[in-house]
Amino acid sequence: MTASDSIPDCRIDNLQKVSDIYDWFDPAVDHVVRRHLKVVPGVSRRTWEFAMIFLALHRAGKLHDGARGLALGAGTERLIFAIADQVAHVDVTDLYQSDSRWVGVRTDDPQELVMAHAPWPVPDGRIRAMRMDMRQIEFPDDSFDFAWSTGSFEHIGEDADFVRHLDEVHRVLKPGGVYAFTTVVSYGSESHRIPNNYYFHPEHFVDLLHASKLRSQPVFDCAIREHHFNKPGLESLEDFGCAAADGQLHAVVAWRRGTINVANLAVLRKDDAAPKVRPEVRGFGETKARLWREADILTRRLWADWQELKPRRSGTDHVTGPQYFGRGAVEVEVDAVDRNGAAIDVAVLVRRPAPPLGRRILTTLQHKPGDGPLIFQAQADHLYALRVSRSDGGDGGTVRLRLRRAKKRVAQLRPVVATATAA
Ligand SMILES: C[S@@+](CC[C@H](N)C(=O)[O-])C[C@H]1O[C@@H](n2cnc3c(N)ncnc32)[C@H](O)[C@@H]1O
């Protein structure tokens, strides 16, 4: 009998699914969050991922005191300790190194770093942490009863890396072993192949699962039910100068710079005798159509009135983050003074939300004190950033930009100075 035996029945039949606010209402999810992760339930993407991995391993009968588990790309995540409470031993791996581009894994001593994050006491020897690439797992064949990873898969490279990783997990799992992992699905027309940070189109994702030696659950459920908390929500307010609010924002369905992204769980098994069936994607088309209608409403409301963007210093310029406006004219109020009395150049930079980004300067507008708002025309499926350049090199004074969608149709840009081809 382990503590996880007291988990109430889970009403989610198929755990291989995307995140949905209704999952938080499930008694089993709520129980794992409170009793095993020991956090106050809140709509945090990672908490859902941890709870779903825990439940998938529990349902597969892998959380018992004789089991050995492997954590991949695990950093110092809380799930390590919740799972270590249930099993004989956990090996915890990541690219721990002092100069990692991931701040959270910068260390020369992975064991010390991981154990320093233990939220409660863990029996000696239960957890062993080490540096390891999840594409090349340095353990013998058939070593583990289960493996998991949370939000790491999308960061390890490209298609060949993803399949290589899954096949390495297959190799080190014992027959019947289970791999539960989370990543990100995008409700667009293709995967966003951002180097070291993919958002997967579900058909691409199931192709990768099917290409590996592991056997997947038969259905990948991408349906998200209608609920106020399932509407696309802003993922970050930092660009709007509201970094403090980011700690409060936990959109289940994230609206991020012209993309709609949702966490998902995959559940795979090492079962070489079972027939290999490509998982069926369910519920994607209907959900995508509804989420985009809701994202359009969000976009219209967001830019209905002036929003102040927080430009960042870049050399002698100030640059805003890229923003999505949908299709229509955008007005820009510039609040900045050039100490030489010269006009200020405001370059409008445009790119697609997903690679190939092809960033370029759409146009450069000029602003002088007393001018009204500048105007440019935005297209749907593009992102726009503004770069402010002053002849005084940008020293002294502030640069403030306020933007909104123009209320009336605007016939032409004004005052246009130049159109360049490269940023
Ligand atoms: C977004 S973080 C998630 C960390 C942790 N799972 C959590 O939820 O807090 C992504 C992690 O993947 C790790 N990572 C990236 N590429 C990796 C690779 N090839 N092998 C192992 N880990 C990798 C990074 O070092 C980082 O810790």
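Residues numbered from 1 in each chain as written. Predicted model: local features only at pLDDT ≥ 70, side-chain atom pairs only at ≥ 80, totals over all residues. Heavy atoms only, no water.

J.: Quick one: what's the story with the domain arrangement of the chain, residue by residue and with numbers?
T.: Here the domain parsing of the chain yields domain 1 (3–299) and domain 2 (307–418). Taken over C-alpha atoms, the centre of domain 1 sits 38 Å from the centre of domain 2. If you look at the interface, domain 1 gives 14 residues, while domain 2 gives 16 residues. Here domain 1 meets domain 2 over a buried area of about 1,200 Å², counting both sides, of which 56% is carbon and sulfur. When the area that domain 1 buries against domain 2 is broken down by residue, the three leading residues are Asp239, Phe240 and Arg257, summing to 47%. For the pair domain 1 and domain 2, the interface holds one salt bridge. Among the ionic pairs, Glu190 bridges to Arg352, the shortest N-O distance being 3.3 Å. Along the contact surface separating domain 1 from domain 2 lie two residue pairs in polar contact (both at pLDDT 80 or more). For the side of domain 1 that touches domain 2, the secondary-structure elements that each account for two or more residues are strand 6 (192–194) and helix 8 (284–302). In terms of residue count, the dominant contributor to the side of domain 1 that touches domain 2 is strand 6 (three residues). (Domains from an automatic or database assignment. Contact = heavy atoms within 4.5 Å. Buried area = accessible area lost by both parts, 1.4 Å probe. Salt bridge = Lys/Arg side-chain N within 4 Å of Asp/Glu carboxyl O. Polar contact = N/O pair within 3.5 Å; in protein donor to acceptor, adjacent residues only side chain to side chain. Helix = DSSP H or I, 4+ residues; strand = E, 2+ residues; numbered from the N terminus.)

J.: Let's hear about the pattern of salt bridges: which residues, and what values?
T.: Pairs can form between side chains of opposite charge whenever their charged atoms are close. Inspection of every chain in the model, using the stated rule, returns 29 salt bridges. Taking the shortest distance from any N to any O, the salt bridge between Arg290 and Glu294 comes out at 3.5 Å. One end of the pair, Arg290, and the other, Glu294, are both in helix 8, four residues apart, so they sit about a helical turn from each other. Between Arg390 and Asp392 there is a salt bridge; the shortest N-O distance is 3.4 Å.

J.: Give a detailed account of the site of the ligand, specifying residues and quantitative values.
T.: Taken together, 17 residues are adjacent to the ligand, and Arg46, Gly73, Glu77, Asp94 and Thr150 come closest. With respect to the ligand, the side chain of Arg46 contributes an N or O atom lying 2.7 Å from an oxygen atom. Gly73 places a polar main-chain atom, nitrogen or oxygen, 2.9 Å from a nitrogen atom of the ligand. With the chains in place, 87% of the 590 Å² that the ligand exposes on its own is no longer accessible. (Near = heavy atom within 4 Å. Areas by Shrake-Rupley, 256 points an atom, 1.4 Å probe, with all protein chains shown as cover.)

J.: Mind laying out the sheet that holds strand 21 (residues 374–378), listing which residues take part and the relevant values?
T.: The sheet built from four strands is open, its strands ordered 14-23-18-21 with antiparallel pairing. With partners counted over all chains shown, the strands left at the sheet margins are strand 14 (307–309) and strand 21, one partner each. The mean inter-strand angle of the sheet, taken between neighbouring strand axes irrespective of direction, is 30°. With five bridges joining them, strand 18 (residues 328–335) and strand 21 adopt antiparallel strand pairing. Bridging from a neighbouring strand, Gly328 pairs with Ala378 of strand 21. (Pairing = 2+ DSSP bridges. Axes fitted to C-alpha atoms, helices over the stretch in contact; angles between N-to-C directions.)

J.: How would you summarise the pairing of strand 3 (residues 127–131) if you had to cite specific residues and measurements?
T.: Across five bridges, strand 2 (residues 89–94) lies against strand 3 in parallel orientation. Counted as the bridge partner of Asp94 is Arg131 from strand 3. Following the chain from strand 2 across helix 5 (residues 110–116) to the adjacent parallel strand 3, one finds a crossover that is right-handed. (Right-handed = clockwise from strand over helix to strand, strands pointing away.)

J.: Give a detailed account of a negative patch on the surface, specifying residues and quantitative values.
T.: On the surface, Asp99, Asp108, Asp109 and Glu112 cluster together into a negatively charged patch. Of note, Asp99 is situated in the loop between strand 2 and helix 5. Judged by its relative accessible area of 60%, Asp99 falls in the exposed class. (Patch = residues over 30% accessible without salt bridge, like charges linked within 9 Å, V, L, I, M, F, W, Y side chains within 5 Å. Lys, Arg positive; Asp, Glu negative; His and termini not counted. Charge placed at Lys NZ, Arg CZ, Asp CG, Glu CD. Buried < 20%, exposed > 50% of the residue type's maximum accessible area, 1.4 Å probe, protein only.)

J.: I'd like to hear about the packing of aromatic side chains, residue by residue, with values.
T.: Under the defined criterion, the tally for this structure stands at 21 aromatic pairs. Note on Phe162 and Tyr198: the rings are 5.1 Å apart at their centroids and 75° apart in plane angle, and the pair reads as edge-to-face. In this pair, Phe162 sits in helix 6 (residues 159–172) while Tyr198 sits in strand 7 (residues 197–199), placing the two residues 36 residues apart along the sequence. Each member of the pair, Phe162 as well as Tyr198, is classed as buried. Taken together, a centroid distance of 4.5 Å and an interplanar angle of 50° make the contact between Trp303 and Phe325 tilted. Residue Trp303 is located in the loop between helix 8 and strand 14, and its partner Phe325 is located in the loop between strand 17 (323–324) and strand 18; the two are separated by 22 residues in the primary sequence. Classification of Trp303 by relative accessible area gives buried; the value is 0%. Here Phe325 falls in the buried class, since its relative accessible area comes to 1%. (Phe/Tyr/Trp six-rings, centres within 6.5 Å; stacked < 30°, edge-to-face > 60°.)

J.: An account of the environment of Asn14 is needed here, citing residue identities and associated values.
T.: Mapped onto the elements of the fold, Asn14 is located in the segment before helix 1 (21–24). A distance of 3.0 Å separates a polar atom in the side chain of Asn14 from the backbone nitrogen of Gln16. A polar contact of 3.1 Å, which involves the side chain of Asn14, links it to the backbone oxygen of Val219.

J.: Could you give an account of the packing of helix 2 (residues 27–36) against helix 3 (residues 45–59), naming the residues involved and the relevant values?
T.: At a minimum axis distance of 9 Å, the contact between helix 2 and helix 3 shows a crossing angle of 105°. Considering their axes alone, helix 2 and helix 3 lie roughly perpendicular with respect to each other. On the side of helix 2, the interface is formed by Ala28, Val29, Val32, Val33 and His36, while helix 3 contributes Thr47, Ala51, Met52, Phe54 and Leu55. A per-class count over the contact of helix 2 with helix 3 returns eight nonpolar, two polar and no charged. (Parallel < 35°, antiparallel > 145°, perpendicular 65-115°, else oblique. Nonpolar A, V, L, I, M, F, W, Y, C, P; charged D, E, K, R; others polar.)

J.: Can you tell me about the packing of helix 6 against helix 7 (residues 202–211), naming the residues and giving the values?
T.: For the pair helix 6 and helix 7, interaxial distance at closest approach is 9 Å and the crossing angle is 45°. Comparing their axes, helix 7 and helix 6 come out oblique. Classified by chirality, the crossing of helix 7 by helix 6 is right-handed. Of the residues in helix 7, those in contact with Asp159, Phe162, Val163 and Leu166 of helix 6 are His204, Leu208, Leu209 and Ala211. Taken together, the residues of the contact of helix 6 with helix 7 sort by class into six nonpolar, one polar and one charged. (Left-handed = near helix turned anticlockwise from the far one by under 90°.)

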